[in-house]
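Listed below, chain by chain, are the residues.
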Amino acid sequence: MTTPKRLGVVMDPIGAINYAKDSTLAMLLAAQARGFALSYMEQKDLSMRDGVAFGRMRALSVRADPASWFTLGEAVSEPLAALDCLLMRKDPPFDTEYIYSTYILERAEAAGVLLVNRPQGLRDMNEKVYTAWFPQCCAPTLITRDMGQMAEFLREHGKVVVKPLHGMGGRSIFVLEKADLNARVVFETLTDYGQVFAIAQRYLPEIVTGGDSRVLLVDGEPVPYALARMPSAEDHRGNLAAGAKGIGRPLNERDRWLAGQIGPALAARGMLFVGLDVIGGFVTEINVTSPTGIRELDKQFGIQIGELLIGAIERRLKAAPRRAAAGR
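Residues numbered from 1 in each chain as written. Predicted model: local features only at pLDDT ≥ 70, side-chain atom pairs only at ≥ 80, totals over all residues. Heavy atoms only, no water.

Visitor: Describe the overall build of the protein, naming the residues involved and giving the relevant values.
Guide: Within the protein, the secondary structure is distributed over ten helices and 17 strands. Here the protein has a C-alpha radius of gyration of 20 Å; the compact-globule value for 328 residues is 20 Å, and the two agree. When the backbone C-alpha atoms are referred to their principal axes, the protein occupies close to 70 × 45 × 35 Å. Each of the 328 residues in the protein was classed as buried or not, and the buried ones make up 50%. Here the protein has roughly 15000 Å² of accessible surface; of this, 53% comes from carbon and sulfur atoms. Computing the positive centroid from 39 side-chain charges and the negative centroid from 37, the protein places the two 4 Å apart. (Helix = DSSP H or I, 4+ residues; strand = E, 2+ residues; numbered from the N terminus. Rg over C-alpha atoms; globule rule 2.2 N^0.38 Å. Buried < 20%, exposed > 50% of the residue type's maximum accessible area, 1.4 Å probe, protein only. Areas by Shrake-Rupley, 256 points an atom, 1.4 Å probe, with all protein chains shown as cover. Lys, Arg positive; Asp, Glu negative; His and termini not counted. Charge placed at Lys NZ, Arg CZ, Asp CG, Glu CD.)

In structure tokens:
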């Protein structure tokens, strides 16, 4: 009898997720349906001894049941190398503890585990800064600690979006116009009076009519539909966590061009599941930590994005069979 492949996940507490919207749950349901045995961990369950990565794992079973979507077994400490694949789906903040976790996960990768996404990529590809590697895809962008530079950028473009480099879910995103008397205090707040870096981007008015679209990439290839997150009438932010409404739409030619510019480069670096944030045809962020949007698109278009990802994982495992045998 063939031993089932093992897929582990590091995520936030599964009992506290939003059943209807959680993309990690969609991935786990797809993996279980394809015969993977699931192992559940939270960030606190990771450890390392003498260079060997361990996890306090619990056997996990998942169900498409909004009243009871998971069952967990007893915790058992095992080398992470016992897994074939490990999904790193811990939500930001991307803080020092997150970085320490990637070091542990990188030791598991060295032992043969397929990491989705790769720990080095998670460290290297800050979701706002990494847009600089694809300037042809982006609107004018400034990253600085200098409040004078930010003020000059605002004067140059007339209206800008400014935000911290470490935030998520629309936190601390400001829209400023040239005459805004709050501009100086916003720059002071975001840079801590010039002590930390922040980002400014030219304001893209298309967000009002077209939303902030999430284009999902699976192993470098775009899912054929984007999730346009439309800001509410009371807010400028196109984030679902900030009250925006998610409306699916087919990809357009510009979306596909952007995906072609960015997707293959990220796939080559082991980033199998990525979300591009697109406003007015420009990429504003490249999400590599825990991109979302699967459940909304699946529901609106009858697709199975989790199946696409697990299929890509299976192809990667088949192409590198030593991963599956490592640590056994």
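Visitor: Quick rundown of helix α1 (residues 23–33)? Include the residues and the values.
Guide: Counting buried positions along α1 gives eight out of eleven residues, so the element sits mostly inside the fold. Residues of α1 that are buried include every one of Ser23, Thr24, Leu25, Ala26, Met27, Leu28, Ala30 and Ala31, and no others. With a side-chain oxygen positioned 3.1 Å from the backbone nitrogen of threonine 24, the residue opening α1 is aspartate 22. Glycine 35, located one to two residues past α1, shows a positive phi value of around 95 degrees. (Polar contact = N/O pair within 3.5 Å; in protein donor to acceptor, adjacent residues only side chain to side chain.)

Visitor: Talk me through the packing of aromatic side chains; I want residue IDs and the actual numbers.
Guide: On inspection of all chains with the given rule, the structure shows seven aromatic pairs. Judged by centre distance (4.8 Å) and plane angle (40 degrees), the ring pair of phenylalanine 94 and tyrosine 98 falls under tilted. Note on tyrosine 98: relative accessible area 0%, which makes it buried. Ring geometry for tyrosine 130 against tryptophan 133: centres 4.9 Å apart, planes inclined by 20 degrees, an arrangement best described as stacked. Taking the relative accessible area as the measure of exposure, tyrosine 130 reaches 5% and is therefore buried. The rings of Tyr19, Trp69 and Phe70 are connected pair by pair, giving a single aromatic cluster. When the ring centre of phenylalanine 282 is taken as origin, the NZ or CZ atom of arginine 202, which lies over that ring, is 5.8 Å away. Taking the ring centre of tyrosine 19 as reference, the NZ or CZ of arginine 295 above it sits at 5.1 Å. (Phe/Tyr/Trp six-rings, centres within 6.5 Å; stacked < 30°, edge-to-face > 60°. Lys NZ or Arg CZ within 6 Å of the ring centre and 35° of its normal.)

Visitor: Account for the sheet that holds strand β11 (residues 198–202), with residues named and values stated.
Guide: Sheet strands pair via backbone hydrogen bonds, and the direction of the pair is either parallel or antiparallel. Pairing within the open sheet is antiparallel, and its four strands lie in the order β8-β11-β9-β10. Every other strand in the sheet has two partners, leaving β8 (141–144) and β10 (174–177) as the edge strands with one partner each. On average, each strand axis in the sheet is inclined to that of its neighbour by 25 degrees, with strand direction left out of account. Taken together, the five bridges between strand β9 (residues 159–164) and β11 define a ladder with antiparallel strand orientation. Opposite valine 162, over in β11, you have alanine 200 as the bridge partner. (Pairing = 2+ DSSP bridges. Axes fitted to C-alpha atoms, helices over the stretch in contact; angles between N-to-C directions.)

Visitor: Lay out the confidence of the model for the protein with the relevant residues and their values.
Guide: Looking at the protein as a whole, the pLDDT averages 93, with 93% of positions reaching at least 70. Across residues 323–328 the pLDDT falls below 50, and counting only partners more than four positions away or on other chains, this stretch makes 15 contacts in the model. (pLDDT = per-residue confidence, 0-100. Contact = heavy atoms within 4.5 Å.)

Visitor: Just give me the short version of the environment of aspartate 180, but keep the residues and values in it.
Guide: Looking at the element boundaries, aspartate 180 is found in the loop between β10 and α5 (183–191). When the C-alpha positions of aspartate 180 and lysine 159 are compared, they lie 9.5 Å apart, and in sequence the two are 21 residues distant.

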